[in-house]
Amino acid sequence: MDNTTVEKLVNAAIEVAQKAYAPYSNYHVGAALYAEDGTIFTGCNVENASYPITICAERTALVKAVSEGRRQFQAIAVVTRNGGSPCGMCRQMLYEFSPELTVIIADFEGQVHRILPLHDLLPHGFSPKSLDE
Ligand code: THU
């Protein structure tokens, strides 16, 4: 992943994090998912008074992309105030489509904390192939 693309994704994630609806945690998250065809789908976390209903930024971006016909992805940037790592539910949902996805973890200052493949965050993950074995 070249630096220009990383910067573009991180900036898109920082921008969408401003739209986060997070009145309960006050923890804003932005995600920018880079589809195989070069389209960027952004997402923020959207909380709910019934707390568990909350959707994370990564899954917001993913469902936007899949519902627009994309199923293959190159990378995702996830941006928070402290460079927090994607939760397990989001790792699993992304793994369904792209185990090789490059995950860029950054903060609101644009500082990149980590770049690593999704399968390092979710080793031995459960995938569609698991159902055939
Ligand atoms: N959150 C995300 O959006 N993505 C993650 O990967 C971790 C957590 C959100 C959910 C909730 O709105 C807030 O961060 C605090 O957990």
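Computed from a prediction, not measured in an experiment: that's the story for all the values here.

A. View of the site of the ligand. Neighbouring the ligand are Ser25, Tyr27, Val29, Asn45, Glu47, Thr54, Cys56, Ala57, Glu58, Pro86 and Cys87. Here Ala57 contributes a backbone N or O atom positioned 2.9 Å from an oxygen atom of the ligand. Between an oxygen atom of the ligand and a side-chain N or O atom of Glu58, the distance comes to 2.6 Å. Here the ligand has 380 Å² of accessible area as a free molecule, and 78% of this is covered by the chains. When atom positions are compared with the pocket grids, the ligand is found to occupy the largest pocket. Each residue belonging to the shell around the ligand can be placed in one class, and the counts come to six nonpolar, three polar and two charged.

B. How the structure looks around the environment of His124. Mapped onto the fold, His124 is located in the segment after α4 (118-121). Here the alpha-carbon distance between His124 and Val10, two residues 114 residues apart in the chain, equals 27 Å.

C. Representation of the packing of helix α2 (residues 57-67) against helix α3 (residues 88-95) within the structure. At a minimum axis separation of 9 Å, α2 and α3 run at an interaxial angle of 25 degrees. For the element pair α2 / α3, the angle class is roughly parallel. Classified by chirality, the crossing of α3 by α2 is left-handed. Residues Glu58, Arg59, Leu62 and Val63 of α2 pack against Met89, Cys90, Met93 and Leu94 of α3.

Rules used in this analysis
Residues numbered from 1 in each chain as written. Predicted model: local features only at pLDDT ≥ 70, side-chain atom pairs only at ≥ 80, totals over all residues. Heavy atoms only, no water. Near = heavy atom within 4 Å. Polar contact = N/O pair within 3.5 Å; in protein donor to acceptor, adjacent residues only side chain to side chain. Areas by Shrake-Rupley, 256 points an atom, 1.4 Å probe, with all protein chains shown as cover. 1 Å grid on protein atoms, 1.4 Å probe; cavity = no way out; pocket = protein on both sides within 12 Å on 5 of 7 lines; lining within 4 Å. Sits in = over half its atoms within 2 Å of the grid points. Nonpolar A, V, L, I, M, F, W, Y, C, P; charged D, E, K, R; others polar. Helix = DSSP H or I, 4+ residues; strand = E, 2+ residues; numbered from the N terminus. Axes fitted to C-alpha atoms, helices over the stretch in contact; angles between N-to-C directions. Parallel < 35°, antiparallel > 145°, perpendicular 65-115°, else oblique. Left-handed = near helix turned anticlockwise from the far one by under 90°. Contact = heavy atoms within 4.5 Å.

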